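Below, each chain spelled out in residue letters.
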Amino acid sequence: MNKNNTVTKTHSSGHYQPEIKPRRMAFDTKAPENKYTFNNNSLVSTFFYALSALFPDGERFFIHSVRHYRDQISDPELKQQIKGFIGQEAHHGHSHEALNESIESLGFPMSKITSAMQSRIEMLKKFSPPRQLALTVAMEHFTASLAEFLLKNTDLLEQIDPTIRQMLIWHAVEEIEHKAVAFDVYRTCVDNEFMRKRVMVIAMVSLFSRLAWYQTQMLWADRHFPSWREWKEAASFFWGKRGILRDNMKGLAKFFRTGFHPWDIDQQALIDNWQQRFPDVAALQR
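Reading the values: rules and limits
Residues numbered from 1 in each chain as written. Predicted model: local features only at pLDDT ≥ 70, side-chain atom pairs only at ≥ 80, totals over all residues. Heavy atoms only, no water. Salt bridge = Lys/Arg side-chain N within 4 Å of Asp/Glu carboxyl O. Helix = DSSP H or I, 4+ residues; strand = E, 2+ residues; numbered from the N terminus. Core = buried A, V, L, I, M, F, W, Y, C linked by side-chain atoms within 4.5 Å. Buried < 20%, exposed > 50% of the residue type's maximum accessible area, 1.4 Å probe, protein only. Contact = heavy atoms within 4.5 Å. Lys, Arg positive; Asp, Glu negative; His and termini not counted. Expected span 1.5 Å × (residues − 1). Polar contact = N/O pair within 3.5 Å; in protein donor to acceptor, adjacent residues only side chain to side chain.

If you check an unreviewed UniProt entry, the protein chain appears there as Metal-dependent hydrolase from Bacterioplanes sanyensis.

What follows concerns the pattern of salt bridges. Tallied over the full model, the rule gives twelve salt bridges. In this structure, Arg 196 engages Glu 193 in a salt bridge whose closest nitrogen and oxygen atoms are separated by 2.8 Å. Separated by three residues within a single helix, Arg 196 and Glu 193 lie in helix H7 (residues 193-221), roughly one turn from each other. Among the charged side chains, a salt-bridge network with shared partners connects Arg 23, Glu 174 and Glu 177.

By size, the foremost hydrophobic cluster in this structure holds 90 residues, and its most contacted members are Phe 48, Leu 51, Leu 151 and Ile 244. By residue number, the principal contributor to this core is helix H1 (residues 42-67), which donates 14 residues. Not counting chain neighbours up to four residues away, the residues in contact with Leu 51 comprise Phe 142, Leu 146 and Leu 211.

Bringing the environment of Arg 24 into the picture now. Among the secondary structure elements, Arg 24 is positioned in the loop between strand E2 (16-18) and H1. For the pair Arg 24 and Ile 82, spaced 58 residues apart in sequence, the C-alpha separation works out to 17 Å. Apart from residues no more than four positions distant in its own chain, Arg 24 is found in contact with His 91, Leu 284, Gln 285 and Arg 286.

A word on the side chain of Glu 175. Its place among the elements puts Glu 175 in helix H5 (residues 162-177). No salt bridge is formed by the buried Glu 175. Its closest oppositely charged neighbour is Lys 179, at 11 Å. Dropping the residues within four chain positions of it, Glu 175 is found in contact with Glu 59, Glu 89, His 92, Glu 140, Thr 143, Ala 144 and Ala 147.

Take the environment of Gln 72 next. Tracing the backbone shows Gln 72 in the loop between H1 and helix H2 (76-104). Look at Gln 72 and you get partly exposed, because its relative accessible area is 49%. For the pair Gln 72 and Ile 265, spaced 193 residues apart in the sequence, the C-alpha separation amounts to 27 Å.

Compared with an ideal rise of 1.5 Å per residue, which puts 29 residues at 42 Å, H2 spans 42 Å between its outermost C-alpha atoms and is within 8% of the ideal. One side-chain oxygen of the residue at the start of H2 lies 3.0 Å from the amide nitrogen of Glu 77, identifying that residue as Asp 75.

Now the structure itself:
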């Protein structure tokens, strides 16, 4: 057991597997002082606000798709990981709901967006259970890649609202901890490589289209039209040398390898001893 009380072990598949520990966090989710908290850039800020709008009902959908197969799992280790996965995702949804309320107080239509997301989730639940699980696998890979970027580039979070920074770091750690759970359930119960890859393509097109539409709604509600500076900075933030989406594409490409497993991408160093590296976040654990 290491210093932050996280058990590091090897999964039965031969891959590294951290302990998946749900953590209740005492975030102060008051409204950010700066409406566009990411360096006063509306494009970058609304990207993360839109993601936050997706999380509560998105996380509940992930839980739903994995829980459907729980009774089909005989491996006690994977059963325990599913329990941890459900606990972590439930806390994520609850925390982002509180954050979304604060963002709405700034004048952004978060309730409208989350309502649209709820309708979207009800539609997704009409898909077959294997396809629902494949979608969860795709989105879990995306969020783990996003988490990797944030934990490798925490300097980019230094100028934002402290609560949002803390929430992003906590969320990123836990996304990496449980990144293989839905995948292992999928491989055990479905194991359809063609579906896994095809659903990822559809999921990414849908996700980025939806994020762009939600950002547009936020900017329109605020009657804000991004300046040239904002467009230039956003282009660099997303697609520059240290761009978040450019970095995400690297992990996405690996996903399409036949036989891929999430822990083929080694992110262990990013979460080992995270409490020592981010003591202000660790102190918020109840």
